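Now for the letters of each chain:
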Amino acid sequence: MTIAAKVSQFLRDQSVDYQLIQHPHSRTSRESAHAAHVREEQVAKAILLKDEQGHVLAVIPASSSLDMRALHEETGRPHLEMVPEAELGRAFPDCELGALPPLGQAYGITTLLDSSLRHCDTVYFEAGDHEELVEMDGAHFARLFSDCRSCDLSKDWP
């Protein structure tokens, strides 16, 4: 598999330059960072959540975990819960299960960006499969999220 069709189209529509970085098969964003020899804090990890109002995509560094309390406070939606992996295919039909790109905007999903990712010189993220990362300039990445809320959503791994 290669870059997800919706991701490719979204990046083309936004006129953003990027490169694809191939790496050995991985199961998580942290593993992808290690496999591609990049720092975990530069890899944008997407976490899909849902409640009775619909989906929300939280985008945080792979080096961190999602602070659910901060997410609930930021959104005012205290019942948001992580979507089970088996259900991810409905929201991201052109991606392999568990290889979510952080571009919820391309899929019509409300997206929240952890503010720490706005300060990276280079950002990497899942292309939609478990063997490629998208690499792009941090300023271009931040521009993709100009219409999304930016807030503190992550905490260090325990």
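Residues numbered from 1 in each chain as written. Predicted model: local features only at pLDDT ≥ 70, side-chain atom pairs only at ≥ 80, totals over all residues. Heavy atoms only, no water.

### Comments concerning helix α1 (residues 5–13)
Then step 1. Residues Val7, Ser8, Phe10 and Leu11 constitute the buried set of α1. The arc that holds every buried residue of α1, seen down its axis, measures 165°, which confines them to one face. α1 presents Ala5, Arg12 and Asp13 as exposed residues on the side facing more than 90 degrees away from its buried surface.
Then step 2. Against the buried residues of α1 lie β7 (122–126), β8 (132–137) and α5 (138–144).
Then step 3. Of the residues one or two after α1, Ser15 is the one with positive phi, at around 55°. (Buried < 20%, exposed > 50% of the residue type's maximum accessible area, 1.4 Å probe, protein only. Helix = DSSP H or I, 4+ residues; strand = E, 2+ residues; numbered from the N terminus. Arc of directions from axis to C-beta. Contact = heavy atoms within 4.5 Å.)

### Re helix α2 (residues 29–36)
Then step 1. Within the span of α2, buried status applies to Ser29, Ser32, Ala33 and Ala36. Looking straight down α2, one finds that the buried residues subtend no more than 100° of arc, so they occupy a single side.
Then step 2. In the core, the buried residues of α2 are packed alongside β1 (19–22), β2 (43–51), β7 and β8.
Then step 3. With its phi angle positive at about 60°, His37 sits one or two positions after the end of α2.

### Examining the pattern of salt bridges
Then step 1. The full count for this structure, using the stated rule, is seven salt bridges.
Then step 2. One salt bridge connects Arg39 with Glu41, and the closest N-O pair in it is separated by 2.6 Å.
Then step 3. Between Glu74 and Arg149 there is a salt bridge whose closest N-O contact spans 3.5 Å. Pair noted here: Glu74 is in helix α3 (residues 68–75) and Arg149 is in strand β9 (residues 149–151), with a separation of 75 residues, a long-range link.
Then step 4. Judged by relative accessible area, Arg149 falls into the partly exposed class, the value being 39%. (Salt bridge = Lys/Arg side-chain N within 4 Å of Asp/Glu carboxyl O.)

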